[in-house]
Each structure stands twice: as C-alpha cells, then as structure tokens.
Amino acid sequence: MAKSALLKSSIAKKVAMALSGLFLILFLAQHFFINSTSVFSPDTFNSISHFMGNNPLVQFVFQPILIFGVVFHFVMGMVLEIKNNSARPISYAKNNGAANSSWASRNMIVSGLVVLAFLGLHFYDFWVPEMVYKYVEVNPLDETRYFAELTHKFESGIRTAIYCVSFLLLSLHLWHGFNSSFQSVGFNNKYSKSLHTLGYAFAIVVPFGFIFIALFHYFNH
C-alpha cells in the first residue's frame, strides 16, 4: 500500500512538473515573438512592450503566475532528481548512460540550473529595472523607451556571450523536456510523432532565434 501511494505521488509530481514546463514553453514562445519584432520594427516592439508592461491583467495576474511557474518547475525538478538518486543509493559499477539515452536527458538538472541562473540574470537585466522605473522612481509613461533599453543590454560582448551560451543549454533542455512533458501527461496517440517533430523544431528554432536577436543587436548597436 505504501509503495502504491509512493508511486502515485511520484507520478503526480512528474505530471505537475510537465504541466508547468508546458506552461513555460507557451510563455517562451510569446516572449520570442515579442523580441523578434525588435529586429524588424522597433516601433512595433515598443508598442507591444508598452502594452505588456502596463496592462493590469498582465502585470498583476499573469506575471505572478509566471514567476510561480518558474519557481515551481525548477523546485519540482530538484525534488524529482533527489528522489531518483535516493532510489539508487548504490552506484552501478559501470554505467554507460550514453548507450541508452541522450546527453540532454541525462543532464536535465544541469541544463535546468544553468537556465535558472540565466533567468536570474534576465530578471536583473529587464524586470528589476522595469519595476524601479515604474514603482520606485515613478517615472512618466514613455512608449518609446523599450527598444533602446533592449539594445543597450547587448552592447556588452560578455553579457551577449552569456545569453548565447544560456540559450544553447536551453535548447538542450527543451530537446528532451518538450516531448518528455507530453509523455508524462499521457499524450500518446496518432499525433504523437508529429508532436515530437514539433518539439524538436521548437527546441532549435526558438533558442537559436533568441541567439540571433542577441547577436543582431550586438553587431548593430
């Protein structure tokens, strides 16, 4: 009975982590769309950023949910990693993990921690200054400031390199995590193969798209 309850608890944690991961993937896609407009139209980027930064629903409902989702996803990942390690207290004499799984799947916790550190930098670069601008300094609204603030962050070669490396690891994290999330919630039907292809495409296009945006602004600042 205890083993059954433990198994159900572990499955529930995996499903919860998968759902939070899928939620963060939707946010990532939306964030990528907004940032990509900075390459083609600074005015469009300013308009969308101004709307997102001053819409009460976004600021006081969606933003707290997003922050909770980020924290929950990575805390749950740590909990599951600890549980998996504790279930195997004795290391195998020889473990050729590469023969049975990809590097991304074996190192999700590593890539996840690096991505978490990057999110900390991202919050420090963009979210904290935004909160200071609006709620500490109480500056007047300026719909044209967002593009200049974005490009200013990529004047530094070091910061740009950190962003690029972080998105490479995010790509590896998504390569395994996207499809793993759907497996965890039991999505297994005739559309599974197409969904896996979509997941792999997303893991390449979106992170490398962010890298392109960072390099574009670095070389054109």
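Residues numbered from 1 in each chain as written. Predicted model: local features only at pLDDT ≥ 70, side-chain atom pairs only at ≥ 80, totals over all residues. Heavy atoms only, no water.

- With an unreviewed UniProt entry as reference, the protein is termed Succinate dehydrogenase / fumarate reductase cytochrome b subunit, source organism Flavobacterium xueshanense.

## Section: the pattern of salt bridges
Turning to step 1, where the next piece is worked out: Under the counting rule described, the total for this entry stands at four salt bridges.
Turning to step 2, where the next piece is worked out: A salt bridge links Arg145 to Glu149; its shortest N-O distance comes to 3.0 Å. One end of the pair, Arg145, and the other, Glu149, are both in helix 6 (residues 145-153), four residues apart, so they sit about a helical turn from each other.
Turning to step 3, where the next piece is worked out: Residue Arg145 is classed as buried on the basis of its relative accessible area of 9%.
Turning to step 4, where the next piece is worked out: Overall, Glu149 belongs to the partly exposed group, its relative accessible area being 31%. (Salt bridge = Lys/Arg side-chain N within 4 Å of Asp/Glu carboxyl O. Helix = DSSP H or I, 4+ residues; strand = E, 2+ residues; numbered from the N terminus. Buried < 20%, exposed > 50% of the residue type's maximum accessible area, 1.4 Å probe, protein only.)

## Section: the UniProt feature "transmembrane region" (unreviewed entry) in the protein
Turning to step 1, where the next piece is worked out: This chain's UniProt record puts "transmembrane region" (unreviewed entry) on residues 60-82, 103-124, 160-178 and 198-219.
Turning to step 2, where the next piece is worked out: The distance separating the terminal C-alpha atoms of residues 198-219 is 31 Å; by composition the span is 100% helix and 0% strand. (UniProt positions renumbered as here; feature names shortened; annotations may be inferred.)

## Some details on the side chain of Gln59
Turning to step 1, where the next piece is worked out: Summarising the element assignment, Gln59 is placed in helix 3 (residues 56-86).
Turning to step 2, where the next piece is worked out: Accessibility expressed as a relative area gives 8% for Gln59, which makes it buried.
Turning to step 3, where the next piece is worked out: Here the side chain of Gln59 touches Met52 through a polar contact of 2.9 Å, landing on its backbone oxygen.
Turning to step 4, where the next piece is worked out: In this view, Gln59 contacts Met52, Gly53, Asn54, Pro64, Met131, Lys134 and Tyr135; residues no more than four positions away in its chain are not counted. (Polar contact = N/O pair within 3.5 Å; in protein donor to acceptor, adjacent residues only side chain to side chain. Contact = heavy atoms within 4.5 Å.)

## Quick word on a nonpolar patch on the surface
Turning to step 1, where the next piece is worked out: A surface patch of nonpolar side chains, about 790 Å² in accessible area, is lined by Phe23, Leu57, Phe60, Val61, Phe62, Ile65, Tyr135 and Val136.
Turning to step 2, where the next piece is worked out: Secondary structure elements with two or more residues in the nonpolar patch: helix 3 and helix 5 (108-136).
Turning to step 3, where the next piece is worked out: The dominant element in the nonpolar patch, judged by the number of residues it contributes, is helix 3, at five residues.
Turning to step 4, where the next piece is worked out: Its place among the elements puts Leu57 in helix 3.
Turning to step 5, where the next piece is worked out: By relative accessible area, Leu57 is classed as partly exposed at 45%. (Patch = residues over 30% accessible without salt bridge, like charges linked within 9 Å, V, L, I, M, F, W, Y side chains within 5 Å. Areas by Shrake-Rupley, 256 points an atom, 1.4 Å probe, with all protein chains shown as cover.)

## Some words on the nonpolar core
Turning to step 1, where the next piece is worked out: Among the nonpolar cores identified, the biggest contains 31 residues, and Leu28, Phe167, Leu174 and Phe202 are the most heavily contacted of them.
Turning to step 2, where the next piece is worked out: Within the residue set of this core, elements represented by two or more residues are helix 1 (2-40), helix 3, helix 5, helix 6, helix 7 (157-184) and helix 8 (192-219).
Turning to step 3, where the next piece is worked out: The leading source of residues in this core is helix 8, at eight residues.
Turning to step 4, where the next piece is worked out: Setting aside its immediate chain neighbours within four residues, Phe202 contacts Ile25, Leu28, Ala29, Leu174, Phe178 and Pro207. (Core = buried A, V, L, I, M, F, W, Y, C linked by side-chain atoms within 4.5 Å.)

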